[in-house]
Amino acid sequence: VTITTRLLVSHLSGIRHYEKDITKVKEEKEKANRALKLTKSHQDKEQKEKEGKGIEKTDCVKQKKEHDGETKSRNLKPGRKDKEFEQEEYYLKEKFESVIESLKIFKNDPLFFKPGDQFLYSTYGFTLLSAVVERASGQKFTDYMLKMFRDLDMLSTVLDDNEAMIYNRARCYVYNKKGRLVNAPYVDNSYKWAGGGFLSSVGDLLKFGNALLYSYQAGQFKNRNGKLLPGYLKPGTVAMMWTPVPKTEVSWDRDGKYAMAWAVVEKNQQYGCCRRQRHYASHTGGAVGASSVLLILPEELDPEALAAWPVAPPRGVIVTIICNMQSVSLNSTALKIAREFDKEKRAQ
């Protein structure tokens, strides 16, 4: 088989995640597919009701379902037990000197499927990706990333190195079996720098989001008389990163697809005065004792406004949340915050 970097970055490589048993992985995927089919059948039923009895009843049903879902979500205990965190490899304590060395954890394991055939989120896929970056750049992966963070002015973003003294490093927490809050267990993240080994701050993540959004929109602001600096990345590169990839899925937003290291929801509205999807890109993070999200909601730019100074990129809303507690779902909260700020901006 052939595994490309594009397959790695979109989790289509077939490389396993923390679960080694392919049977268990297939069972979980089948459960998820059944739930998705059930959801689709409800949506089809609502569509028929709308066509047969008018839109008013359907909207009421939809609003009630969304309200019930939000209520259920609010009633769930923060930091609830997540099956994924039962995997032993989350709690590795071995220190690896290089990303090449850490490949030994999974390099002899069979692929779960032919590359390109199915989606399976894989932290180890990103470990292999970091090894590719290391060989292609001729630099140690961690050195390469830290230089990039410095270029982006992300001076608080560092390796989660247990031995180093890091100012303002927060303690991390988990719920134990009795439902009590306790300190998170000791782990060494040197086996997965690319997939969950960096510490950051909300300020730095906002800088990162702004740099990406600026790069994405810079090509649309052409009448700047040379006053507009280029983005850190080419506009086409970010557009490619935020283009949904076929056969992918997203666990934290059923409207989304996975793109290249980002989850993306595309702009969509099928009927007037009905549900409207805004284009946004996001990614959640989950580690032992911590949860996070970074969400970018680009502004829908008016061509006439682009010609009027001082309008300039980045234009949109960026939300980031970092929580020093395990298994906290944050994407829906971030999306609600982004929508509120976006609504306020459009009202001005």
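Note that the structure is predicted; figures quoted are calculated from it, not measured. (Residues numbered from 1 in each chain as written. Predicted model: local features only at pLDDT ≥ 70, side-chain atom pairs only at ≥ 80, totals over all residues. Heavy atoms only, no water.)

1. Some words on the overall build of the protein chain
- Each helix and strand in the protein chain was counted, giving 11 helices and 9 strands.
- The proportion of buried residues among the 348 residues of the protein chain is 36%.
- Counting contacts in the protein chain only where the partners sit at least 6 residues apart, residues at least 24 apart contribute 66% of the total. (Helix = DSSP H or I, 4+ residues; strand = E, 2+ residues; numbered from the N terminus. Buried < 20%, exposed > 50% of the residue type's maximum accessible area, 1.4 Å probe, protein only. Contact = heavy atoms within 4.5 Å.)

2. Points about the nonpolar core
- If you look at the biggest cluster of nonpolar residues, it comprises 40 residues, and the most contacted ones within it are Tyr124, Leu212, Trp242, Trp262 and Ile296.
- Only helix H1 (5–9), helix H5 (123–137), helix H6 (141–151), helix H8 (202–218), helix H9 (235–241) and strand E8 (290–298) provide two or more residues apiece to this core.
- Both of domain 1 (1–40 + 82–176 + 185–194) and domain 2 (200–347) provide at least three residues apiece to this core.
- Setting aside anything within four residues of it in sequence, one finds Trp262 in contact with Phe208, Leu212, Met241, Trp242, Lys257, Ala281, Ser282, His283, Leu294 and Ile296. (Core = buried A, V, L, I, M, F, W, Y, C linked by side-chain atoms within 4.5 Å. Domains from an automatic or database assignment.)

3. Quick notes on the sheet that holds E8
- With antiparallel pairing, 5 strands are arranged side by side in an open sheet as E5-E6-E7-E8-E9. Looking at the sheet topology across the chains shown, the edges are occupied by strand E5 (257–258) and strand E9 (316–323).
- Alignment of strand E6 (residues 263–265) against strand E7 (residues 280–287), held across 3 bridges, turns out to be antiparallel. The partner of Ala263 across the bridge, within E7, is Ser282.
- In the packing of H8 onto the sheet, the strands contacted are E8 and E9, and the crossing angle to E9 comes to about 150°.
- Sheet strands in contact with helix H11 (residues 331–347) are E7, E8 and E9, and its direction is about 150° off that of E9. (Pairing = 2+ DSSP bridges. Axes fitted to C-alpha atoms, helices over the stretch in contact; angles between N-to-C directions.)

4. Section: the pairing of E7
- With 7 bridges connecting them, E7 and E8 associate as antiparallel partners. From the neighbouring strand, Ser282 faces E8, where its bridge partner is Leu295.

5. Examining the packing of aromatic side chains
- Applying the stated criterion to the full structure yields 10 aromatic pairs.
- Measuring from centroid to centroid gives 5.6 Å for Phe119 and Tyr258, while their planes differ by 45°, and the two rings are tilted. Of this pair, Phe119 sits in the loop between helix H4 (99–102) and H5 while Tyr258 sits in strand E5, placing them 139 residues apart in sequence.
- Centre to centre, the rings of Phe149 and Phe198 are 5.3 Å apart; their planes meet at 85°, and the pair counts as edge-to-face. Of this pair, Phe149 sits in helix H6 while Phe198 is found in strand E4 (residues 198–199), placing the two residues 49 residues apart along the sequence.
- The class of Phe198 is partly exposed, set by a relative accessible area of 24%.
- Members of the aromatic cluster, joined through ring pairs, are Tyr18, Tyr90, Tyr91, Phe106, Tyr124 and Tyr191. (Phe/Tyr/Trp six-rings, centres within 6.5 Å; stacked < 30°, edge-to-face > 60°.)

6. Some remarks on H11
- An ideal rise of 1.5 Å per residue puts 24 Å on 17 residues; H11 measures up with 24 Å between its terminal C-alpha atoms.
- Against the buried residues of H11 lie E7, E8 and E9. (Expected span 1.5 Å × (residues − 1).)

7. Concerning the pattern of salt bridges
- Evaluation of the coordinates by the stated rule reveals 16 salt bridges.
- A salt bridge links Lys95 to Asp161; its shortest N-O distance comes to 3.9 Å. Of this pair, Lys95 sits in the loop between helix H3 (55–75) and H4 while Asp161 is found in the loop between strand E1 (158–159) and strand E2 (173–175), placing the two residues 66 residues apart along the sequence.
- Judged by its relative accessible area of 36%, Lys95 falls in the partly exposed class.
- Glu300 serves as the salt-bridge partner of Arg278, at 3.4 Å between the closest nitrogen and oxygen. Taken as a pair, Arg278 in the loop between E6 and E7 and Glu300 in the loop between E8 and helix H10 (303–306) lie far apart in primary sequence, 22 residues in all. (Salt bridge = Lys/Arg side-chain N within 4 Å of Asp/Glu carboxyl O.)

8. Brief notes about the pairing of E9
- Most of E9 is tucked away, with 6 of its 8 residues classed as buried.
- When E8 meets E9, the two strands line up antiparallel, connected through 8 bridges. Paired with Ile296 across the bridge in E9 is Ile318.

9. Some thoughts on the side chain of Asn331
- Mapped onto the secondary structure, Asn331 falls in helix H11.
- Overall, Asn331 belongs to the buried group, its relative accessible area being 1%.
- Residues within four places of Asn331 in sequence aside, it is in contact with Trp252, Asp253, Tyr280, Ser282, Thr284, Val293 and Leu295.

10. Quick look at a nonpolar patch on the surface
- On the surface, a nonpolar cluster with roughly 260 Å² of combined accessible area is contributed by Val1, Ile3 and Leu111.
- Positionally, Leu111 belongs in the loop between H4 and H5. (Patch = residues over 30% accessible without salt bridge, like charges linked within 9 Å, V, L, I, M, F, W, Y side chains within 5 Å. Areas by Shrake-Rupley, 256 points an atom, 1.4 Å probe, with all protein chains shown as cover.)

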